[in-house]
Amino acid sequence: MTTMKLAPLTLKKIKRFRSIKRGYYSLLIFCFMLLITIFAELWINNRALLVYYEGHVYFPTYGAMTPGNTFGLEYDYETNYRDLQKKIELEEGNNFLVMPLVPYNAFEMDLRDTEFPPFSPSWKDKHYLGTDAIGRDMVARLVYGFRVCITFSLFLLVITFAIGIALGCLMGYWGGKFDLFFQRLIEIWSSIPFLYIIMIIASIVVPNLTILVLVSVLFGWMGLTWYMRTATYKEKARDYVMAAKALGASNNRIIFYHILPNTISLIVTFVPFSVAGGISGLTALDYLGFGLPPPTPSWGELLQQGTTNLQAIWIISSTVTALVVVMVSITFIGEAVREGFDPKLHSTFE
Amino acid sequence: MISKIFARFWLIITLFCFGTLGHATDKLPENLQWQTNDTAPIFASPDAKKGGTYRTYLSAFPLTLRTVGPDSNSSFRGAINGNQLSLISLHPNTEELIPELATHWAFGEDKKTMYFKLDKRARWSDGKPVTANDFLYTLEFMRSQHIVAPWYNNYYTEKLDKVVKYDDHTLAIVATKADPDLFLIVNITPTPRHFYGELNKDFVKRYNWSIVPNTGPYQIDKIKKGKSITFKRKKKWWAKDLKYFQGRFNVDRVIYTVIRDQTTVFEYFKKKRLDDFIVTFPNYWHEKAKSIEIYDKGYIKKHWFYTDSRESPAGFWLNLDKDLFKDPNVRYAFAHAIHMDKLLNGLLRGDYSRLENHNTGYGEYTNPNIRARRFDIKKVEELMTASRWKRGTDGIWEKGNLRYSVKVTYSFDGHTPRLVLLKEEAKKAGVDLQLQRLDGSAAFKLILEKKHDAAWMGWSTSFRPRYWQSYHSDNAHKAQTNNITNTDDPAMDKMIRAYRDSIDPQVRIRLAHQIQEKIQEIGAFVPTYKVGYFRTAYWRWWQFPKVAATKNSGGLFEPFGTSLFWLDPAIKKETEQAMKTGKHFKPETIIDTTFKPK
């Protein structure tokens, strides 16, 4: 509701952001990648998109598994649709099925009788970027790995920002002993080595996404707090806040209607870099083996595989390329956001 | 692994021999059945030539040359102890007793005393004769507080009662209790009293870098601290012409150089600065060392040697205290859901083989009729439906509020790809494996506290099978014991008790077979795979007997172990010339399956 009030100003900022082409196109690319990964099941999957079998139509992509005997195969575990496709083609009946572009998921291993993984990229086998060291499709690992990464990053973002903004604001607004206490707490807390803590935790329990997010929040909330504190101190001392106070506005009103909206540009500027930080953080943890448990698809694990299997150059090259594209586009977005929201261009309040 | 086992036995044997000093008045019992063994097959080659230098590496320089006391437990201790003979030894292929320092031995009627006649030719490296006094001294030495080695102090007190001297070359060694494999306990090494004399609290400091007289084929010649250690062959070694030592210990010098990093070791080998390189790991054998110039040109050979040693019981250990595994059908279904064939042939390149039984490679103690359950979805379905389970919407078996989801606890990161494969296959059989990789000590703690569903691990081996710690109800349902399956079966307890109490080998063999059948029947241990070989690459001038190693060898080059290799100077010269002129030889990979179990 605050932003609604600020709409003309915000619109101006967005306009300025759009005028910075590099950042704007990066944002489009990034959103495209997000869409791809959100709907990855539709184009990278070992389940068929559509099966027409004996007069029935099936859409196996989402939902429970369809056992093989539904399609006249002799087993009741999940249908292998690639085999089913071959069978249907051989039978020459009316049945047909549509496979996704990449007919593998991120977990299954495509092992062969005469060769051993990793397999090089092959158009014929539909491993467009080859397979990893144990025969899983690289495209699938990359795309599903990106989903895990970005989910982690966004959760981390929301929680650290919530804590950082709330606490920073209060420290700046109340000041005094409250401020002093949290300043010291943050100083002490910051000196705890994050990596050691995560190593210890990972050796005792198997970390899942929730645990990793919580631990990262535990050691990552301090950064924004500092900035918010400073910004609030600055805003608090301005005349309009004094005026609001003189008019008898409550603390809540002052914080939510006056101070926060005026620090929003600072907050927004940090968002892209925080997302990038989250992605690289999780990748680093996975690389070191302290991240999500196998067989979760993960870029860090791919990097690790790539460095130990340098002869299979497609593993490391495609992972590094993916990582670079994502990181660079986020950085460009961040730059453009910073320029677009630069308060120096809008300091017309006084 | 076998060689490791033997090293351990050696050590144990060595450690256990010393009791209190005997009195000269002790009389040798009459009617002793003295035995010796000069009929066992020799395993070295009579064609072996003496000479040359063997160069190998150490990953770290030893902190001391002492073999007991602080910091002495380094891998280099094996090299020093390897040159310290004991009374008798085990034939590496037949596992019969063969003479070493003792020419004859006899067993006492009490089943805890063993008598020995020392070889009168036996000499220390300083020329002094080896006598019964040196064995008396071992006990005194190992029990001394001055050596600061509590484990040895304890071992030599609790396992060995005393050493009795009858004359300079006749002695008896007495264990504290009767044992079916007594020789493992009483077979100790001598300690040179004339070298150490009276021990005092200076021991640890004083002997840090001393070269102690030994009885074996080599002695330390040169030490460059932090860099290298050279052993030199004794030209007039007292045992060089004895039957079981002929054709062994051929090189004149053995040089250990410190090289800290495995990649560097490989480079040193390629540069001809080391004589061999272990390529047992699949990535070296199949990739890194597969097509290198020195192999393609035939300058080095590769040797794949199958052994038949005691195998570690490695596999899944199901926790019977978990509700899921109370039903034997569910346990059998688990074994049938593990696709070992695909793992062994699809991912591990057929290098490893299936482990069939809890005790594999224990000779007569292994029950040859036991075969591990194979991957079979039909069987899983029969077993699960028999117990009234149904497949859920995701294909995983369900019954009431139970779901066939099993947390698999493991610790070695290198095993992740293997478990990931098994997980994907088990899903087809309706079994969901959740992989839980923990740090080594955390995983082991969790498993010993019996908090796991299924543990993926292997145990170390022993000379004879042992069951009490892993399967007796004494150790079930409590933390910090090795019965990690929580097996609690009265019939099993009875058999284990009988096995432990018996000292008749035939009875023990029969019981071991029955116990192994019972283990299979309970189905809480799902055996996976064994390695069963080693692979070495070496320069082509190194020669070996027709069968290049023994059933229990740990490698082709064990300079102070079986030590069967020798250097052929003519071939060395030919190869070095060829390397200069660029001449090639035919690349050679030798695969020896002499000891590969059928």
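Residues numbered from 1 in each chain as written. Chains lettered and ligands numbered in written order. Predicted model: local features only at pLDDT ≥ 70, side-chain atom pairs only at ≥ 80, totals over all residues. Heavy atoms only, no water.

Describe the overall build of chain A, naming the residues involved and giving the relevant values.
For chain A, the count of helices and strands is 13 helices and three strands. The C-alpha atoms of chain A give a radius of gyration of 26 Å, which is well past the 20 Å a tight globule of 350 residues would have. Based on the C-alpha atoms only, the size of chain A along its principal axes is roughly 85 × 45 × 35 Å. Buried residues in chain A amount to 46% of all 350 residues. Counting every atom, chain A has about 17,900 Å² of accessible surface; 67% of that belongs to carbon and sulfur. Here chain A contributes 28 positive and 26 negative side-chain charges, whose respective centroids are spaced 19 Å apart. (Helix = DSSP H or I, 4+ residues; strand = E, 2+ residues; numbered from the N terminus. Rg over C-alpha atoms; globule rule 2.2 N^0.38 Å. Buried < 20%, exposed > 50% of the residue type's maximum accessible area, 1.4 Å probe, protein only. Areas by Shrake-Rupley, 256 points an atom, 1.4 Å probe, with all protein chains shown as cover. Lys, Arg positive; Asp, Glu negative; His and termini not counted. Charge placed at Lys NZ, Arg CZ, Asp CG, Glu CD.)

I'd like a rundown of the packing of helix α9 (residues 222-236) of chain A against helix α11 (residues 251-288) of chain A, residues and numbers included.
Residue and element names in this part refer to chain A. Viewed as axis vectors pointing N to C, α9 and α11 meet at an angle of 150 degrees, and their least axial separation amounts to 10 Å. Of the two possible hands of crossing, α9 and α11 adopt the one that is right-handed. On the side of α9, the interface is formed by Leu224, Tyr227, Met228, Ala231, Thr232 and Glu235, while α11 contributes Ile259, Leu260, Asn262, Thr263, Leu266, Ile267 and Phe270. Here the residues of the contact of α9 with α11 are counted per class, giving nine nonpolar, three polar and one charged. (Axes fitted to C-alpha atoms, helices over the stretch in contact; angles between N-to-C directions. Left-handed = near helix turned anticlockwise from the far one by under 90°. Contact = heavy atoms within 4.5 Å. Nonpolar A, V, L, I, M, F, W, Y, C, P; charged D, E, K, R; others polar.)

How would you summarise the environment of B:Ala178 if you had to cite specific residues and measurements?
Residue and element names in this part refer to chain B. Topologically, Ala178 is positioned in the loop between β7 (170-175) and α5 (182-186). Ala178 gets classed as partly exposed once you look at its relative accessible area, which sits at 33%. Note: C-alpha distance between Ala178 and Glu109 (69 residues apart in sequence) is 10.0 Å. Once residues lying within four places of it in the same chain are set aside, the contact partners of Ala178 are Asp110, Lys111 and Lys112.

An account of the sheet that holds strand β6 (residues 160-167) of chain B is needed here, citing residue identities and associated values.
Strand pairing in a sheet relies on backbone hydrogen bonds, with the paired strands running either antiparallel or parallel. All names here are of chain B. Pairing in this open sheet of four strands is antiparallel, and the strands run β4-β5-β7-β6 from one edge to the other. Each edge of the open sheet carries a strand with a single partner, namely β4 (102-107) and β6. Direction aside, neighbouring strands of the sheet carry axes that sit 20 degrees apart on average. The sheet contact formed by β4 and strand β5 (residues 113-118) spans five bridges and is antiparallel. Along β5, the bridge assignment pairs Phe107 with Met114. Against the sheet, helix α3 (residues 132-142) contacts β5, β6 and β7, and its axis sits at roughly 160 degrees relative to β6. (Pairing = 2+ DSSP bridges.)

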